[in-house]
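The residues making up each chain are set out below.
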Amino acid sequence: MLTASGLLAQPSLKSRMVELEKHFGIHFVYESGLELDAPYNGRTDILPGLEENLDELVRETALTYSVRRNYVSLKRAAIARYTLKGHVCDALTSETLISAGVIVKKSTGGIPAGTVCNEFGFYSITLPEGEYDVEYSYIGYEKQTVHLKLDRNIVMSVALGPEPELQAALITARPESGIHATRAGSMQIPDNIIRNTPVLLGEADVLKTLQLLPGVQGGLDGFSGIFVRGGSDDENLLLLDGVPVYNAEHMLGIFSVFTPESVKKVTLYKSDFPARYGGRVSSVVDVRTNDGDMHNAHGTFSAGLLSDKLHLEGPIREGRDSYSLSARVVHTFLFTPVLKAFKVPANYYFYDFNGKINHRFSDRDRVYAALYHGRDYFQNDDCDEWSERPGAEYDDKWESYMRAYWGNTLGTLRWNHVYDSRLFSNATLFVNSYRATLDEWDKSSLRYKSDGHISSDTDEFVFRSGVMDYGAKMDYDWNPSPEHAVRFGAAATLHTYSPSSGGTVIRVKDEAYPQRDTVLRTDDASHMSGWEFSLYGEDDFVLGPRLRVNAGMHLALFSAQGRVYFSPQPRLSARFDLGGSWALKAGYSRMAQYIHKLASGSMGMPTDHWVPITRNIRPVTSDQFNVGCVYSGQAGWEFSADAYLKEMDAVLEYKDAAMASAGGADWDRSVAMGHGRAYGIELLARKTEGNTTGWIAYTLGKSDRIFRDGSVNNGKWFPYRYDRRHVLTLCANHKFSGRVDLSAVWNFASGAAMTMPTRTTAVVGYDGRVDYTSYVPARGNFRLPPSHRLDLSVNLRKHKLHGERIWNFGIYNVYARRNPNMVNYDVYGNNYHDNESFFAKVRVKKYSFLIFVPSFNYTYRF
C-alpha cells in the first residue's frame, strides 16, 4: 500500500489528496494500479466536512472510498456489466447465419471485443456499462453497425441483407473454424463453393468438395468417400444436424447423402477437435441444413444426367413457423419397363428426402423437428427359356434374381432455450437407423425327355446388416465475459447392432422322387448392443492481448458384452499473435472410436457392415499433435501451413489368413489389433475476394501400420492402403459477369498402396480337383501409378420474371487421363509345370472408364 504524503502538488487527483491529508490529518491508502495522475476537475476549495471533500474527489472517477479512523482507503468501484444477446439471420429468409461475426467497439475507442454465433445463430457477449458500436458481419452479406447504450441486458436480433459484390468478412472475434480460429486444422466450406465446384456428371457434392482440401483425399477416382490424414473412411464422424450418419454414400460412392440444396453450412475438423465431438479418430464433418424461410415461399428444381432434385421452403405462419423440404431421385427407376422390354435384367436407383420444421415460441425458445430418409435399390432378374439339348436325356433352364437395398433414416427433435443473458442450451433427441439387405435366388432345372418330370436345385442367400441408435444430448453455451466462451454438455446413446444375419437355403426337388426332396439351411444371426455415455467441457479464453487458448476434456464410457471402457480425452489448442498479421497455432487432441466398418472393398457396398468393440477388441485411440502458422496480411488472401503427427492404437486389419468378407458373430476372430501412425505437412493459399477466387492446396503425407503379434505382414511396418505421398489441388472460380461464371479444378495424387499377389500356384490333387494358391510377399507391395485430371464447368444464368434459370455445362477429366477407376489382376503363362502343379504369373489390370465425361444440369430457382 502506498500513501500520498510528501508528493508535490499538481493539478491531479494526487495533488488534491495531499491537500486533504494536510487539512484533515488523514492518510490515503490505495493499490498501486490506480491511475491517480488523472486530472482533478472538482472544486479546489476545502469544504466543511471530510466526506463532502471525498465525494467531490471521486465524483468523476471510477473510484470509491471508505474511512476508518484517520485512514481513507481508495479502490476501484464495482462496474456494472450487462449482456447483449440475440440471433443473426438472413434478412430475406430469416435463416440463421452460423458463425456470423459480432464485433463490439466502445464509442470512445479502445480494443474491440467480439464473439460469433453458434450453430443455431445465437450470440451472447457481456460487457461493462457504456456506449458501443456493434458490427454484425457474415461472408456474402452487407455489414450492419448498431450504436447502443448498454445500461441493461439487451436482446438485439439482426437481419443482414446480401452484399452485391461478394467480399470476405473481416473476423476479429473468436470463430470456431478457419484461419482466425484458436484451433488449427479446421475449415468452413461455403455453400456456393459446393454448388459451383466441377464434379463427375455435374452433380454438386459435399464430400467431393472436401476432397479438394489439404489433408483430405478420395478413394477411387470419381467417388465421394473421404480419407483424412491417412485414416480410413469409417474413422470420419459425419454429422447431419448433429446426428451421426453411418452410410454417407449413394450409387457406390458417386453421390453422397448430403443434398446440396438443403445444406446451410459444412465445417471440417482434421485436428484440434472441439471437446463436444467424440467417437471417431480421424475427422469431423459437421453438416447443418436449412431451417426454412419464415417470410416467403420459394424453391429450386434441378435436373441432370442422372438425378432430379426439388427443394421447397417457406413459412407456415409468417414469422413463427417454417418448413424446409428437399427430395432427390435417380430417374433410372422410370426405365424399368423399358429395360425389361429390351431384356436388360439389371437396374439401379436411389432416392433421399430431407425435411425440417422450425417453430419459434419466443425469443427464448425454438423447436426443430427434422427427418432424413434415403434408400439405394439394385435388382437383377435373369430368366432363360428351356434350352433344348439334342442327344441329351434332358433340357435345362436357369433362373436367378437379386435384390439389394440399403440406406439411412434419421429423426431429430431439438429445443433451443435461452436461460438468461449468458446461458444458451440445446436439447436433442434422435434416432438413427442404417439397414442393408441382400437377397439372391438361383434355380437350376432339368426337364427329362423320357417322362417330362422336372428336378431342380435352388440356392437362396439372404444377408441382413444394420445398426440403430437411440440418443439424447444436452449442450450448453455460457459466455461469462468477453474473455471466455464456455461450452459443456452430456450425451447418452444406445447402439444396437446386427453385423451379419441371414443364411443360405439349398433346396433339392425331384418330381419323380418326392421322398428325396431335401432342404439344407444355414443361418447366422448375431445381435449386439452397447451403451455410450459422454461428458464434455471446454473454454476458449484470452490470456493477454496476443494469446488465445482453448482447453477442454471429453469423457466417454462405452459398455459392451459386460465390459466397460472408460476414455478420458483431453483437448488443448492455442493461437499466438506474432504481429504483422502472422499467428502461430499448436494443439493436441485425443480421440477414441467404438465402432468399425468391415468393408469388402474400397467402394461403399451393401455387404459392408458395422460392428462395435467387444470384450476382446478394445477401442481405437488416436493422439494427434498439430503445429501451424497462418498469415492474413494480404488483402483478400489467406495462407496457412500445418504439420501433424497422429499415433493410433488398436487399429484393426484382417489377418493374413482371414477372408475380407468374414463377418457374423465371430468377426473379431478374423481381425488383429495393431498400431498406426500418420504424419505430414499441409499448405494452403486461398483467395477469398474479387471476381476470381479459389485455392491451392498441397499435402505431403505418410501413413503406415504395424501388427507386432505377426498376424499381419509378419509383424513388419507396411504402408496403409490410403497412403499417398503427394497430393496437389488447384481450384479456381471466375465470375465474368452476373450471367456467366467458370470453375476449374486440377488435381494430382501419388498412387495409393495396394496388396497384390506376385504369382499363383495351382495344385492338382489325386481326385483331379485343382486348388489355386496366391503368394503375397507383403502388404502394400504394389503402388498404383499417379493420377491427375482437369475438370471444368460453366454456369449460364438468366433472371426471369419469376426466378432464375441456370444452365451448367461441365467436363470431367478434360484431357482424358486414364486414371485407375478399378484395379484387378489375372493369371497368365506357365513358368514351370509337371504332373502335379504349375506356376503362373500375375498381371495387374487397370480399368479406366471415367475418361472425358461431359455433363449438363438445369436449375430453376423460383
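Residues numbered from 1 in each chain as written. Predicted model: local features only at pLDDT ≥ 70, side-chain atom pairs only at ≥ 80, totals over all residues. Heavy atoms only, no water.

Undergrad: Residues and numbers for the overall build of the protein, please.
TA: Each helix and strand in the protein was counted, giving five helices and 52 strands. For the protein, buried positions account for 52% of its 862 residues. Taking the intrachain contacts of the protein between residues at least 6 apart in sequence as the baseline, contacts between residues at least 24 apart amount to 64%. Looking at the protein as shown, the accessible area adds up to about 39,000 Å², and 57% of this sits on carbon and sulfur atoms. (Helix = DSSP H or I, 4+ residues; strand = E, 2+ residues; numbered from the N terminus. Buried < 20%, exposed > 50% of the residue type's maximum accessible area, 1.4 Å probe, protein only. Contact = heavy atoms within 4.5 Å. Areas by Shrake-Rupley, 256 points an atom, 1.4 Å probe, with all protein chains shown as cover.)

Undergrad: Describe in detail helix H1 (residues 13-24), supporting the description with residues and values.
TA: Taking 1.5 Å per residue, 12 residues should reach 16 Å; H1 reaches 16 Å between its end C-alpha atoms and fits that length. Within H1, the full set of buried residues consists of Leu-13, Ser-15, Arg-16, Met-17, Val-18, Leu-20 and Glu-21. Elements in contact with the buried residues of H1: strand S1 (27-30), helix H2 (50-58), strand S2 (63-68) and strand S3 (71-76). Directly beyond the C-terminal end of H1, a positive phi value near 65° is found at Gly-25. (Expected span 1.5 Å × (residues − 1).)

Undergrad: Could you give an account of the sheet that holds S2, naming the residues involved and the relevant values?
TA: With respect to topology, three strands assemble into an open sheet ordered S1-S3-S2, the strand pairing being mixed. For this open sheet the edge positions go to S1 and S2, each flanked by a neighbour on one side alone. Within the sheet, the average angular offset between the axes of one strand and its neighbour, ignoring direction, is 25°. Looking at chain direction, S2 and S3 are connected through six bridges and run antiparallel. (Pairing = 2+ DSSP bridges. Axes fitted to C-alpha atoms, helices over the stretch in contact; angles between N-to-C directions.)

Undergrad: Hey, could you go over the sheet that holds strand S5 (residues 101-106) for me, with residue numbers and the actual values?
TA: With antiparallel pairing, the four strands of this open sheet are ordered in space as S6-S5-S8-S9. In this open sheet, the two strands that pair with only one neighbour each are strand S6 (113-116) and strand S9 (144-150). Each strand of the sheet is rotated relative to its neighbour by a mean of 20°, with strand direction disregarded. In this structure, strand S8 (residues 130-137) lies alongside S9, joined through seven bridges in antiparallel fashion. When the bridges of S9 are listed, Glu-131 appears paired with Lys-149.

Undergrad: Summarise the confidence of the model for the protein; cite the residues concerned and give the values.
TA: Of the residues in the protein, 87% have a pLDDT of 70 or more, and the chain-wide mean is 84. When the criterion is pLDDT under 50, residues 166-173 qualifies, and its contacts beyond four places in sequence or with other chains add up to 22 contacts. Here residues 831-837 scores under 50 on pLDDT; set against residues more than four positions off or in separate chains, the count is 10 contacts. (pLDDT = per-residue confidence, 0-100.)

Undergrad: Kindly report on the pattern of salt bridges, identifying the contributing residues and their values.
TA: It is possible for side chains of opposite charge to pair when their charged atoms get near one another. A complete count under the given rule lists 36 salt bridges for this structure. When the shortest N-O distance is used, the salt bridge between Asp-381 and Arg-403 registers 2.5 Å. Taken together, the positions of Asp-381 in strand S25 (residues 365-383) and Arg-403 in strand S26 (residues 394-418) put the pair 22 residues apart, joining distant regions of the chain. On the accessibility criterion, Asp-381 (27% relative accessible area) is partly exposed. Measuring nitrogen to oxygen at the nearest pair gives 3.4 Å for the salt bridge that ties Glu-653 to Arg-721. Within this pair, whereas Glu-653 is found in strand S38 (residues 637-654), its partner Arg-721 is found in the loop between strand S41 (718-719) and strand S42 (726-735), the two being separated by 68 residues in sequence. You can call Arg-721 partly exposed: its relative accessible area is 39%. If you follow the salt bridges from partner to partner, you end up with Glu-95, Asp-241, Lys-264, Asp-291 and Lys-356 in one network. (Salt bridge = Lys/Arg side-chain N within 4 Å of Asp/Glu carboxyl O.)

Undergrad: Run through unusual backbone geometry, naming residues and quoting values.
TA: Its identity as a non-glycine residue notwithstanding, Ser-99 has a phi of 70°, on the positive side. Using a relative accessible area of 13% as the deciding quantity, one classes Ser-99 as buried. Unusually for a residue other than glycine, Gln-561 sits at a positive phi of about 55°. With respect to the helices, strands and loops of the structure, Gln-561 is situated in the loop between strand S32 (547-560) and strand S33 (563-579).

Undergrad: Can you lay out the state of the cysteines for me, pointing to particular residues and giving the numbers?
TA: Summed over all chains, the structure comprises zero disulfides. There is no disulfide at Cys-117, and the cysteine sulfur nearest it, in Cys-89, is 9.6 Å away. (Disulfide = S-S within 2.5 Å.)

Undergrad: Account for the pairing of strand S37 (residues 620-631), with residues named and values stated.
TA: Relative to S37, strand S34 (residues 582-593) runs antiparallel, the two being bridged by 12 bridges. By the bridge assignment, Trp-582 is partnered in S37 with Tyr-631. The sheet contact formed by S37 and S38 spans 11 bridges and is antiparallel. Its bridge partner lying in S38, Ser-622 is registered against Met-648. Following S37, the chain reverses through five residues before pairing antiparallel with S38; Gly-636 in that reversal takes a positive phi of roughly 80°.

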